[in-house]
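A look at the structure
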Amino acid sequence: MVQTNIQEDQQLTQAINRLLKATGDLRPAFKEIGESGLGFIQGYFDKQQTPWGEQWPEVSPEHLAYKKRKGFLLDTLKMRGVLFKSINYRVSKTDVTIGSPMVYANRQNEERDFIDLGQDPKAVDEFRQIIIDRIADAWTS
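Some words on the pairing of strand S2 (residues 88-91)
Inspection of the sheet shows S2 paired to strand S3 (residues 96-100) by four bridges, in the antiparallel sense. When the sheet's bridge partners are listed, Asn-88 is paired in S3 with Gly-99. Remark: four residues form the turn of the hairpin made by S2 and S3, two consecutive strands paired antiparallel.

What follows is the structure, given as structure tokens:
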């Protein structure tokens, strides 16, 4: 599975540890992060850009002609939409994994990065805010 890992963000890790101490259950926050992460990835596909804002390389004219001839979707990485639709998240007590189980997802991600959420400051800020909000909810309830 191609997936993302943002464990290197110390502020996020510290906030997650505070939330764990406050609630004892990270799964609701991880579910929210998973949903948010899917939204960011869908945006990368829609804009056809990497998590850091660079445009994906265009498909070759030959491949574009093939897609038109076969009636496939013309957007990059959306021939039939299988890869796009396969991106999901899994939540456990200790983490949330966002990625695709498709065998070819890693190869596609090497050419046109769509999964490295840790490289998108907006995504990391949103994940951090989700944790902070959950901590605040725990303290006020």
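Some remarks on helix H6 (residues 121-140)
Note that an α-helix has 3.6 residues per turn; residues three or four places apart therefore point the same way. Helix length check: H6 (20 residues) gives 28 Å between terminal C-alpha atoms against 28 Å at 1.5 Å per residue, within 8%. Here H6 has its buried residues at Ala-123, Val-124, Phe-127, Arg-128, Ile-130, Ile-131 and Ile-135. Down the axis of H6, the smallest arc covering the buried residues is 150 degrees, so these residues share one side. Residues Pro-121, Lys-122 and Thr-140 are exposed on H6 and point more than 90 degrees away from its buried face. Of the surrounding elements, those touching the buried residues of H6 are helix H1 (10-23) and helix H2 (27-47). The N-terminus of H6 is capped by Asp-120, whose side-chain oxygen sits 2.9 Å from the backbone nitrogen of Lys-122.

Considerations on the layout of surface pockets
Computed from the structure, the second largest pocket encloses a volume of approximately 320 Å³. Around the second largest pocket, the lining is made up of 16 residues, and of these His-63, Leu-77, Met-79, Tyr-104 and Gln-108 lie nearest the centre. Breaking the lining of the second largest pocket down by element, the ones donating at least two residues are helix H3 (61-70), helix H4 (82-86) and helix H5 (105-111). Counting residues per element, the lining of the second largest pocket draws most heavily on H4, at three residues. Taken together, the residues that form the lining of the second largest pocket break down as seven nonpolar, four polar and five charged.

Observations concerning the pattern of salt bridges
The tally for this structure, following the rule as stated, stands at six salt bridges. A salt bridge links Glu-111 to Arg-112; the nearest nitrogen and oxygen atoms lie 3.4 Å apart. A salt bridge links Arg-128 to Asp-125; the shortest N-O distance between them is 2.8 Å. Remark: Asp-125 and Arg-128 occur in helix H6; sequence separation between them is three residues, near one turn of the helix. For Arg-128, a relative accessible area of 15% puts it in the buried group. Taken together, the shared-partner salt bridges in this structure form one network comprising Arg-107, Glu-111 and Arg-112.

The rules we used
- Residues numbered from 1 in each chain as written.
- Predicted model: local features only at pLDDT ≥ 70, side-chain atom pairs only at ≥ 80, totals over all residues.
- Heavy atoms only, no water.
- Pairing = 2+ DSSP bridges.
- Helix = DSSP H or I, 4+ residues; strand = E, 2+ residues; numbered from the N terminus.
- Expected span 1.5 Å × (residues − 1).
- Buried < 20%, exposed > 50% of the residue type's maximum accessible area, 1.4 Å probe, protein only.
- Arc of directions from axis to C-beta.
- Contact = heavy atoms within 4.5 Å.
- Polar contact = N/O pair within 3.5 Å; in protein donor to acceptor, adjacent residues only side chain to side chain.
- 1 Å grid on protein atoms, 1.4 Å probe; cavity = no way out; pocket = protein on both sides within 12 Å on 5 of 7 lines; lining within 4 Å.
- Points joined across faces, edges and corners; volume = space filled by probe spheres on them.
- Nonpolar A, V, L, I, M, F, W, Y, C, P; charged D, E, K, R; others polar.
- Salt bridge = Lys/Arg side-chain N within 4 Å of Asp/Glu carboxyl O.

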